[in-house]
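The primary structure of each chain is shown beneath.
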Amino acid sequence: MSDMVNNPPHYTAGKVECIDAIDAATTGLTGSEAYCTGAALKYLWRWKRKNGLEDLKKAQWYINRLIQEQEDAT
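Fair warning: this is a prediction, and the values are worked out from it, not measured in the lab.

Q: Honestly, a nonpolar patch on the surface in this entry has me stumped. Any pointers?
A: Side chains of Leu-44, Ile-63 and Ile-67 sit close together on the surface and give an oily, nonpolar patch of about 230 Å² of accessible area. Along the polypeptide, Ile-67 turns up in helix 3 (residues 53-73). Ile-67 gets classed as partly exposed once you look at its relative accessible area, which sits at 43%.

Q: I would appreciate a short explanation of the packing of aromatic side chains in the present structure.
A: The geometry of an aromatic ring pair comes down to the distance between the two centres and the angle between the two planes. This structure, assessed with the given rule, holds three aromatic pairs. Taken together, a centroid distance of 6.1 Å and an interplanar angle of 15° make the contact between Tyr-43 and Tyr-62 stacked. A residue pair is termed long-range when its members are at least 10 positions apart, and Tyr-43 in helix 2 (residues 31-46) and Tyr-62 in helix 3 qualify at 19 residues. Residue Tyr-43 is classed as buried on the basis of its relative accessible area of 10%. Classification of Tyr-62 by relative accessible area gives buried; the value is 15%. The interplanar angle of 85° and the centroid separation of 4.9 Å between the aromatic rings of Trp-61 and Tyr-62 together place this pair among those described as edge-to-face.

Q: Explain the side chain of Thr-37 to me, please; I cannot follow it from the model alone.
A: Position of Thr-37 relative to the elements: it lies in helix 2. For Thr-37, a relative accessible area of 16% puts it in the buried group. Residues contacting Thr-37, with those up to four places away along its chain left out, are Ala-25, Thr-26, Leu-29 and Leu-66.

About the cut-offs
Residues numbered from 1 in each chain as written. Predicted model: local features only at pLDDT ≥ 70, side-chain atom pairs only at ≥ 80, totals over all residues. Heavy atoms only, no water. Patch = residues over 30% accessible without salt bridge, like charges linked within 9 Å, V, L, I, M, F, W, Y side chains within 5 Å. Areas by Shrake-Rupley, 256 points an atom, 1.4 Å probe, with all protein chains shown as cover. Salt bridge = Lys/Arg side-chain N within 4 Å of Asp/Glu carboxyl O. Helix = DSSP H or I, 4+ residues; strand = E, 2+ residues; numbered from the N terminus. Buried < 20%, exposed > 50% of the residue type's maximum accessible area, 1.4 Å probe, protein only. Phe/Tyr/Trp six-rings, centres within 6.5 Å; stacked < 30°, edge-to-face > 60°. Contact = heavy atoms within 4.5 Å.

Right, here's the structure in full:
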């Protein structure tokens, strides 16, 4: 039986755990930039193993928000 709290299979596929990839990808980011980047990565990481198209759309939502924030800042 899988440990759905500490090692859910949709986050532990492959040699790198999702949380470790998010930590690396968000180094140097803060606030909303870090959150949106991490959330998008999370949904992209698990989409095929968990919620399919729904997770892809969630990732897209966070990416669009991040893009909008960057455009608003310029």
